[in-house]
Amino acid sequence: MSFGRMPIANGFLSPAEFGEEYFYDLSVAFCSDCGMVQLIEQVAPEKMFHENYAFFSSTSTRMATHFKEMADGVMNEYLGSVDPFVVEIGSNDGIMLQHFRQAGHRHLGIEPSLNVAQVAMEKGVQTICRFFDEELASEILAEHGPADAFLGANVMCHIPDIHSVIAGVKLLLKPQGVLIFEDPYLGDIVEKTSYDQIYDEHVFYFSLKSISHLVEQHGLEVIDVRSLGVHGGSMRYVIGHKGARVASESVAALRATEERLGLHRPETYAQLRSNIERSRDELMEQLRQLKAQGKRVVGYGATSKSTTVTNYCGITPDLVEFISDTTPIKQGKFSPGAHIPVRHYQEFEADYPDVALLFAWNHAAEIMAKEESFQGAGGRWLVYTPRVEVLG
Ligand code: SAH
Ligand code: TYD
């Protein structure tokens, strides 16, 4: 399926940059042999991850709690050896590794985006500002020795040369070491029509089947899986050297669920495509009606996901006045492609719109809890996943 010409999802820009904006064809495909769903054209990583990267993990308090829990779980279950060593790729501003640092564990973050890496370093989190691959894995092994745990959240699916990453993990892990990573889950995208997970940074949309197929080629195997509510529905995979650990029952159970969902059948994706087209038509109809009624609509959360929605649906600044966001680097800029102004959260608070289009729907619980006075003032939420509807 093609979503058409698409800009860099996190490429918030100023008017002076409109003329040079980079576009590519956002198309996604399914392989019925290995079960992988992935982008056809891949944007060069250096165009997305650099010294002005706009995504700071610690903007969400829910994610801060989530990663503390993950760190505690890893420490309790997998760091039993003497002087254990933990590696995390895509460690961003240190949201998870800071807990290993505080516990006094040897740790190393690999984070190519310099601005976010610097925030981690200021917290005392050991960080290398590079892209992880097999070559870097052998350098780390030579300098620090093998790892007990190799972690990644919302980063594995970002890396086009995934085989190089898995080969590097294989090299770096101790015999009983584990790779633990989580990413948005294909099953949730299919079930919720959450097509906005599809954008340049997300090269892969993983399932247990595609992950098993991938890691088994490198002498590794999935030993545990856990479904997570974060980021609109994610899956955590625990992977060990083949035969080193006993797989939990959750693995067989998820395999059966994926069969039932039809994740391995092309027809599932034909259906998803028509669900996406219907979602787009309904959202545009809703926005046009609100405009015709003279209602003010403001976007809430200048997410990467919103770049797919605004550009694929054709949402323009006359339909959505501005997007409110708490991230300083995005404020005062314009959204990629659609060029909707991104404004400070205070502007939302100072003059509530009639309707807020919830682009950060994955943080709905956190946001709705803190926006009680918007709702109290008669404000309503427009959501588009799992279906287009105005709440309240
Ligand atoms: N783990 C954090 C950040 C996710 S955003 C969280 O879940 O909130 C993805 C991060 O991966 C970005 O900070 C990006 O710079 C980094 N990244 C991209 N490619 C990478 C690679 N090859 N190796 C390590 N990190 C990478
Ligand atoms: P997020 O959904 O985490 O990521 P992605 O870019 O991967 O789609 O992004 C959340 C965005 O929403 C981020 O720019 C911060 C913003 N935000 C708010 O403005 N207010 C909030 O209360 C929250 C939780 C997020």
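What you see is a predicted model; the values in this text were computed from it and never measured.

### Side note on the side chain of Q197
Okay, so step 1: Along the chain, Q197 falls in the loop between α7 (186–192) and β9 (204–205).
Okay, so step 2: Once residues lying within four places of it in the same chain are set aside, the contact partners of Q197 are P184, I189, H202, Y205, H231, K305 and W361.

### Some words on the pairing of strand β7 (residues 147–153)
Okay, so step 1: Among the seven residues of β7, seven are classified as buried, and the element is accordingly described as predominantly covered.
Okay, so step 2: Sheet topology note: the strand β4 (residues 85–89)/β7 ladder contains four bridges and is parallel. Paired with V87 across the strands is F150, a residue of β7.
Okay, so step 3: With six bridges connecting them, β7 and strand β8 (residues 173–184) associate as parallel partners. Residue pairing for β8: F150 is matched across the bridge by L179.
Okay, so step 4: With helix α6 (residues 162–172) bridging β7 and the parallel β8, this β-α-β connection has right-handed handedness.

### Brief notes about the site of ligand 2
Okay, so step 1: Taken together, 19 residues are adjacent to ligand 2, and S304, K305, D325, K330 and K370 come closest.
Okay, so step 2: A distance of 2.7 Å is found between an oxygen atom of ligand 2 and a side-chain nitrogen or oxygen belonging to D325.
Okay, so step 3: Contributing elements (two or more residues each) for the shell around ligand 2: α11 (304–313) and α13 (364–370).
Okay, so step 4: Here the shell around ligand 2 takes three residues from α13, the largest share from any one element.
Okay, so step 5: Each of two domains, domain 1 (2–28 + 294–391) and domain 2 (35–264), supplies a minimum of three residues to the shell around ligand 2.

### Some words on the pattern of salt bridges
Okay, so step 1: By the definition in use, this model includes 16 salt bridges.
Okay, so step 2: Residue R280 is joined to D281 by a salt bridge in which the shortest nitrogen-to-oxygen separation is 3.2 Å.
Okay, so step 3: Taken together, the shared-partner salt bridges connect R296, E321 and D351 into one network.

About the criteria used
- Residues numbered from 1 in each chain as written.
- Chains lettered and ligands numbered in written order.
- Predicted model: local features only at pLDDT ≥ 70, side-chain atom pairs only at ≥ 80, totals over all residues.
- Heavy atoms only, no water.
- Helix = DSSP H or I, 4+ residues; strand = E, 2+ residues; numbered from the N terminus.
- Contact = heavy atoms within 4.5 Å.
- Buried < 20%, exposed > 50% of the residue type's maximum accessible area, 1.4 Å probe, protein only.
- Pairing = 2+ DSSP bridges.
- Right-handed = clockwise from strand over helix to strand, strands pointing away.
- Near = heavy atom within 4 Å.
- Polar contact = N/O pair within 3.5 Å; in protein donor to acceptor, adjacent residues only side chain to side chain.
- Domains from an automatic or database assignment.
- Salt bridge = Lys/Arg side-chain N within 4 Å of Asp/Glu carboxyl O.

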